[in-house]
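# An overview of the molecular structure
Each chain, written out:
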Amino acid sequence: VNSALSLVEHDTAKNLIRVFFLQEKLKEFAKKSDSNQKAKHVHVIGAGTMGGDIAAWCAFKGLKVTLQDQSYESIAPALGRAYSLFKSKVKKDDLANLMLDKITPDVNGEGIKHADVIIEAVFEDLKVKQDLFKKIEAQAKPDAILATNTSSILLDEINQVLNDKSRLVGIHFFNPVAKMMLIEVVKGEKTSEDVANRSYAFVNQISKLPLPVASSPGFLVNRVLAAYMHETFILLSEGYSPEVIDKTMKNFGMAMGPVEMADIVGLDICLSVAKNISKYYGEEIPEILQNKVNQKQLGKKTGKGFHNYKNGKPVKASIDSTKSQDSQNIEDRLVMRLINVCILSLKENVVTSPELIDAGLIFGAGFAPFRGGPMNYLSTMGEEKYRAKIASLQKLYGKRFAIDLESNEQRGGYAVNY
Ligand code: NAI
């Protein structure tokens, strides 16, 4: 028993050291730029959930920020949230006020002309974004970074309106901005290396971890999470309780159970990501998710989703212990769906190495760090066991567990089955 235990401990320690190296690996990208110039001024357009919090984070990191939206009324709530962030970080009122002074509301977009980095975070609508980038390109400094925070529109669609398409890059933050370490730096077909390199440096400057990803639907993290969530919704429709699913995956080592995660992200947002991703990868939208949204039970923000919320915390029925057979089934299905999409993303060069998949999933999705990331988990499992597991899941649940490991063939540009 002792030696088995020390073997497990040894693996865990090795994997945690690996996590440290993965973090360093992401930071390395910041050194690729030859320019030593740090950004001083960031202009953020759209003061909603994301733009408001991005502005606050950049001000907290010492940058001058101009924050643009259509009216002062739309900017005010973001300033309130920014103040709460500063206060929670520095405790003292006067320091929090100094930080707040770094953010200037800017309805007319005066900041565009002066900013080193411009981050667009307006509605997820191609036309709205294109109209904006036309104006931005005409006014911005020639070497300013032009970035979009889009989570689902391809860069090569947005950049159609630009004279110089190589200037557009994705700087894709995760929600909540202040908590999530990872930022996907999205490269379209046209994005120049120099712009990408300077974007990594900027991300590092604001103490986040840059992950270079190709502009394919869902990029890396949302695409993988969409499959994982899809299976979660199917489990819920089969009658597994949210508590049991969450507990099983927390036991596996995830930072948060998937049902609670869906509730926190917002079931309306989950639905729109699912719809967007299914356009490309042909996945059916689970009825149970659509029904929740129809009933306006959107998760934490409405007080009810798959869990009920009280004072912002899920009220979970206590479960004595999960039946081991159930948990094994839940774990196998969720982990295998997730791993399959990781493998596909690698085959399609969404990222360039298995390490980067592991880094993305650990820092961007709360994947169990002590398992070293999904690809590391897969290699620990071994190919034979993986294939056997996939074959048996496929037999029971059909083609959503199918994955074409041999051929690199893609249909319609993207692999159809996860
Ligand atoms: P939101 O609806 O909370 O905020 C959008 C803001 O943009 C609103 O305040 C609106 O008044 C403003 N706006 C719209 N058109 C404008 C224009 N022409 N000029 C200036 N302001 C304008 O949206 P949210 O959730 O913050 O999303 C923004 C972007 O971030 C979207 O592209 C979304 O895909 C992306 N994103 C969202 C995440 C999320 O969890 N909500 C996560 C990561 C990315």
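Quick caveat: nothing in here was measured; it's all calculated off a predicted structure. The numbering scheme is per chain: residues are counted from 1 as the chain's sequence reads. Whole-chain, interface and lining totals are the exception, using all residues; otherwise, since this is a predicted model, local features are given only for residues with pLDDT of at least 70 and side-chain atom pairs are given and counted only at 80 or more. Side-chain measures here rest on the full set of heavy atoms in the structure, leaving out hydrogens and waters.

Throughout this description, the term salt bridge denotes a Lys or Arg side-chain nitrogen within 4 Å of a carboxyl oxygen of Asp or Glu. One pass over the structure, following the stated rule, counts 24 salt bridges. Between Glu28 and Lys31 there is a salt bridge, and its shortest N-O distance comes to 3.1 Å. Only protein chains enter the accessibility calculation, which uses a 1.4 Å probe; a residue is then buried when its area is under 20% of its type maximum, exposed when over 50%, and partly exposed in between. According to the relative accessible area criterion, Glu28 is partly exposed, its value standing at 43%. Given the relative accessible area of 63%, Lys31 is considered exposed. With its nearest N and O atoms 2.9 Å apart, the salt bridge here joins Lys301 to Asp268. Highlighted residues: Lys301 in the loop between α12 (287–294) and β9 (308–310) and Asp268 in helix α11 (residues 267–281), separated in sequence by 33 residues. With a relative accessible area of 27%, Asp268 lands in the partly exposed category. Secondary structure counts use DSSP, requiring at least four H or I residues in a row for a helix and at least two E residues in a row for a strand, with both numbered from the N terminus.

The next thing to look at is the site of the ligand. Within the structure, the ligand sits among 20 residues, and Met50, Asp69, Glu124, Lys129 and Ser151 are positioned closest to it. What qualifies as a polar contact is a pair of N or O atoms within 3.5 Å, subject to a donor-acceptor requirement within protein and to the restriction that residues adjacent in sequence count only when both atoms come from side chains. In this structure, Asp69 approaches the ligand through a side-chain N or O atom, which is 2.7 Å from an oxygen atom. Elements that contribute at least two residues to the shell around the ligand include exactly α2 (49–60), α5 (126–139) and β6 (168–173). Residues are grouped as follows: Ala, Val, Leu, Ile, Met, Phe, Trp, Tyr, Cys and Pro are nonpolar; Asp, Glu, Lys and Arg are charged; all remaining types, including Gly, are polar. When the residues that make up the shell around the ligand are grouped by side-chain class, the tally is 8 nonpolar, 9 polar and 3 charged. In this text, near means that some heavy atom of the residue lies within 4 Å of the molecule or strand in question.

This next bit is on the sheet that holds β6. Read across the open sheet, the 8 strands follow the order β3-β2-β1-β4-β5-β6-β7-β8; overall the sheet is mixed. Each end of this open sheet is capped by a strand with a single partner; those strands are β3 (103–105) and β8 (209–214). In this sheet, neighbouring strand axes are inclined to one another by 25 degrees on average, regardless of whether the strands run parallel or antiparallel. By the bridge criterion, 6 bridges tie strand β7 (residues 182–187) to β8 in an arrangement that is parallel. Looking across to β8, one finds that Ile183 is bridged to Pro210. By definition in these notes, contact holds between two residues if any of their heavy atoms fall within 4.5 Å. Axes here mean lines fitted to C-alpha atoms, for a helix over just the part in contact, with angles spanning 0 to 180 degrees between N-to-C directions. On top of the sheet, helix α14 (residues 354–365) reaches β7 and β8; it is set at about 130 degrees to β7, its chief contact. Strands pair, by our definition, only if DSSP identifies at least two bridges between them.

Attention now goes to the packing of helix α13 (residues 324–347) against helix α15 (residues 374–381). Where α13 contacts α15, the two axes come as close as 10 Å, and the packing angle between them is 110 degrees. Considering their axes alone, α13 and α15 lie roughly perpendicular with respect to each other. Residue-level contacts link Glu331, Val335, Met336, Leu338, Ile339, Cys342, Ile343 and Leu346 of α13 to Pro374, Met375, Tyr377, Leu378 and Met381 of α15. The class makeup of the residues in the contact of α13 with α15 is 12 nonpolar, no polar and 1 charged. Oblique is the label for any angle not under 35 degrees, not over 145, and not in the 65 to 115 range, which are roughly parallel, roughly antiparallel and roughly perpendicular in turn.

Geometric descriptors of this kind do not, in isolation, establish any biological role.
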